[in-house]
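Topology and contacts: notes
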Amino acid sequence: MRTHLMASALMILCLRGLMAELPQIKPDVWEVKEAETKGFGAIILERTIRFHAASVEHAYLIRVLNEQGRNAVEFPKFLPTSTIEGRTIARGGVETPFKASSDFQTKALVETGKGSLNRTSVIPPGLTSDCVVQIQWTERAFFGLAGPFWDYQVQDRVFSLGARLPTRRLELEVYDDLAWGYDLQTGPRGAQIVNGKGFRKAIFKEIPAYEWVPYSEESAKDNPRFVLYQQPRYLVEASQKGEKVFWEEVANHWYRPFYDQKIQYGKVWGAFSDEIRQGLPPSRQAAALELHRRLVARFLDVTALTPEELAARSEKQNKRKIDPRDFGEVLKTGETTGAGLHLLLWSLLGSSGIPAKPVFMVDRRERKLRPKECNIAQLGDWVLMIEQEGAPPIFIEPARRFAPPDLILPKFQGTEALALTPADPKWGYQVVKVPIQDGSRNTQVVKVTTIVGEDRDQIHLTSHSTGIKDWEERAQWWSMLPAERNKNLKEILEKRDAAVQIETATVGPYNRGPFEWKCDAVRERDAARHIEVNPFPLVDSPMDLPRDLPAQRQERIALPLLGLQEYQAIIVCPQGFVWSGAPPIQRSNTFGEVNWTAGPGDSPSEIRVLLKVRTTTLLAEPSSYPEFKTFLAWVRESFSRTITLSRSSS
């Protein structure tokens, strides 16, 4: 169901006035059986969300039946403007009221693993293993009434209607004074829709609990969601005429002006264009990539400078306004913006007879492209698609500095995207598939040398990464000065192993080529006849290895990326110690390969250990779960292997 409403409301409602008194709790609430909680120990009996012009009301009635349920009750951190009223009632009638966020206990939730959920929640007072929680709060909305800048703003917000506990009944009400458009995604179970006087209501029953599962995506769960979005009036009006009219309006009046508005070429543009396009490869895609390479070698994107680059420039340089449409000035200064690089490449592709299509990708971790949802804010990364007969399309991100321009971030791979189709007199649109790229460019090679002493080990570690790993690691430290990066790396490594003393830690430099970080460290320990050595200290596992995996799953499996992670170790044994050897591990299945080998080094005192983990499947159906668990077990076994050195009896 999709509805688009424009506001005529002129009055902002008083938040406290919206809140009614807490209703009486019916006796049958205490008769709820534990089986109704579906193994969670608690259940949301009633939940209500009401969207007004300038506020949102929330209400919950929760029944807790055991200790597990008590530990599961939590709410999102309240906004400072929220007004709260609630109570916890234990069996027997002991009541604990609360009226402020300060009455709640703050809980930081950290679910382990790369890409894990980090969030802060609050816990009401008075919880027991046999109680009822009743709460309602009103918050001033992040959205508001239509204002003078409405036609220049595009944004949205997604409300998940699932919870971490099962929900018996949920009512969602949208009042006619709401200025934003909205999209109600009811999920596979559907909802009952009721039209009231001045509002519309959706009633959901028996919503399953949302459970975070490792290696899964929110967008693939198909949970019910409510999406609010703001966009210009002319797009709201177009949306009321249907999907086709809406997206054609987006193409021709929101994005096309970026490409069609006047460019100031200057006197030397023609000569420059001829020169930079000389000797291009014959194929469209190779020519487009070569053009991009030449552009970034010639022009500096001042919107993607590192802090040290900004510090090296004069104040006048950093304050200078750059018009990305003034190609003459760009040629003169050699500086432009990310938007300027996009326009330069677009113009030169056109002059070279290479058609390009603007494409807007969607982060598959959060949502799917839904053209029927006439919401421009759902569109994400803005790239250029180059098609070529006999080859899959390539997607060029002109302004992603230091990364291959056709590198697609994993969160966009395997999705559907919206492409604009330039044509005269009217642009159109189409839905295109974003391919899954093989992981050959995504590598991390870690080299570790450990010089083992009687009671002290010296460790030297270097990491080089390319492709996605390169981009992720650069992004981690991008906003820091070199000294701050080094300090941060030192802190990260110290947290990984408190027994190791980090002597030096160095990140970068930030230039083209594989990204590097390195460190020197020492480990003090007691002398012993047997020394257990970790070949790969101070580095993360090749993959997230959750402690507890569910026995079964219904969610699609989604890996963070495809690629190769290679760990090379040299262990220098102390005099008089020997190693008896270990059998190799060589395993492979649909998800990839795991290889662990160890043997003699270049000198009698050296042991060489090599671990390679290659992932080859990015997305897989739940039926592949047993095979995936087996793959994770191989990674865990190989990465946790140690080398035991023993004092020779001779």
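Placed above this text is the structure.
Anyway, here's the lowdown on the structure attached to this text.

1. Remarks on the packing of aromatic side chains
Going through the model one piece at a time under the given rule, you end up with 35 aromatic pairs. Each ring, one from Tyr-60 and one from Phe-75, has its centre 5.3 Å from the other, and the planes form 75°; the classification is edge-to-face. Remark: Phe-75 occurs in strand β4 (residues 75-76) and Tyr-60 occurs in strand β3 (residues 55-64); sequence separation between them is 15 residues. A relative accessible area of 11% places Tyr-60 in the buried class. Taking relative accessible area as the criterion, Phe-75 reaches 2% and is therefore assigned buried. Relative to Tyr-567, the ring of Phe-536 has its centre 5.5 Å away and its plane inclined at 55°; by these criteria the two rings are tilted. On the criterion of sequence distance, the pair formed by Phe-536 in the loop between β27 (530-533) and β28 (557-558) and Tyr-567 in strand β29 (residues 563-572) is long-range, its members being 31 residues apart. The same class applies to Phe-536 and to Tyr-567, which are both buried. Pairwise contacts between aromatic rings join Tyr-255, Phe-258, Tyr-259, Trp-346, Phe-360, Trp-382 and Trp-427 into one cluster. Residue placement shows Arg-325 over the ring face of Phe-258; its charged tip is 5.8 Å from the ring centre. Arg-641 extends its terminal NZ or CZ atom over the ring of Trp-596, reaching a point 4.4 Å from the ring centre.

2. Points about the pattern of salt bridges
Working definition: two side chains of opposite charge can pair if their charged atoms are close together. Per the stated rule, a full pass over the model turns up 47 salt bridges. The salt bridge partner of Glu-173 is Arg-50, with a shortest N-O separation of 3.0 Å. Of this pair, Glu-173 sits in strand β11 (residues 167-175) while Arg-50 sits in strand β2 (residues 42-51), and the two are 123 residues apart along the sequence. Overall, the relative accessible area of 5% leaves Glu-173 in the buried class. As a salt-bridge pair, Arg-313 and Glu-335 come within 2.7 Å of each other at their nearest N and O atoms. Of the two residues, Arg-313 sits in the loop between α7 (307-312) and α8 (315-319) while Glu-335 sits in strand β17 (residues 335-336), which places them 22 residues apart along the sequence. Each member of the pair, Arg-313 together with Glu-335, is buried. Linked by salt bridges that have partners in common, Arg-50, Glu-57, Arg-169, Glu-171, Glu-173 and Lys-201 make up one network.

3. Digging into the packing of helix α6 (residues 284-298) against helix α10 (residues 338-351)
At a minimum axis distance of 10 Å, the contact between α6 and α10 shows a crossing angle of 135°. Taken together, the axis directions place α6 and α10 in an arrangement best described as oblique. Crossing of α6 against α10: the hand is right-handed. Judged by residue contacts, Ala-288, Leu-291, His-292, Leu-295 and Val-296 of α6 engage Leu-341, Leu-344, Leu-345, Leu-348 and Leu-349 from α10. Along the lines of polarity and charge, the residues of the contact of α6 with α10 split into 9 nonpolar, 1 polar and no charged.

4. Overview of the sheet that holds strand β18 (residues 357-360)
Hydrogen bonds between backbone groups are what pair the strands of a sheet, and the pairing can be parallel or antiparallel. Ordered in space as β20-β19-β18-β21-β22, the 5 strands form an open sheet in which the pairing is antiparallel. Of all strands in the sheet, those with a lone pairing partner are β20 (391-396) and β22 (428-433), marking the two edges. Each strand axis lies, on average, 35° off the axis of its neighbour in the sheet, ignoring direction. As defined by bridge partners, strand β19 (residues 382-388) adjoins β20 across 4 bridges and the pair is classed as antiparallel. Following the sheet pairing, Met-385 is matched in β20 by Phe-395. Its contacts with the sheet put helix α4 (residues 243-260) on β18, β19, β21 (416-421) and β22, and the angle it makes with β22 is roughly 95°. In the packing of α10 onto the sheet, contacts are made with β18, β19 and β20, and the angle to β19 comes to roughly 20°.

5. Focus: unusual backbone geometry
Note the cis peptide between Asp-424 and Pro-425, where omega equals 0°. With an omega of 15°, the peptide bond running from Gly-508 to Pro-509 counts as cis. A positive phi angle is found at Tyr-215, which is not glycine, with a value near 60°. Structurally, Tyr-215 is set in the loop between β14 (199-207) and β15 (225-230). A relative accessible area of 9% places Tyr-215 in the buried class.

6. Topic: the sheet that holds strand β30 (residues 577-578)
Spatially, 3 strands are ordered β27-β35-β30 in an open sheet, and the strand pairing comes out antiparallel. Only two strands of the sheet have a single partner each, and these edge strands are β27 and β30. Of the pairings in the sheet, the one linking β30 to strand β35 (residues 643-647) comprises 2 bridges and is antiparallel in character. Within the sheet, the bridge partner assigned to Val-578 lies in β35 and is Ser-646.

Conventions and cut-offs
- Residues numbered from 1 in each chain as written.
- Predicted model: local features only at pLDDT ≥ 70, side-chain atom pairs only at ≥ 80, totals over all residues.
- Heavy atoms only, no water.
- Phe/Tyr/Trp six-rings, centres within 6.5 Å; stacked < 30°, edge-to-face > 60°.
- Helix = DSSP H or I, 4+ residues; strand = E, 2+ residues; numbered from the N terminus.
- Buried < 20%, exposed > 50% of the residue type's maximum accessible area, 1.4 Å probe, protein only.
- Lys NZ or Arg CZ within 6 Å of the ring centre and 35° of its normal.
- Salt bridge = Lys/Arg side-chain N within 4 Å of Asp/Glu carboxyl O.
- Axes fitted to C-alpha atoms, helices over the stretch in contact; angles between N-to-C directions.
- Parallel < 35°, antiparallel > 145°, perpendicular 65-115°, else oblique.
- Left-handed = near helix turned anticlockwise from the far one by under 90°.
- Contact = heavy atoms within 4.5 Å.
- Nonpolar A, V, L, I, M, F, W, Y, C, P; charged D, E, K, R; others polar.
- Pairing = 2+ DSSP bridges.

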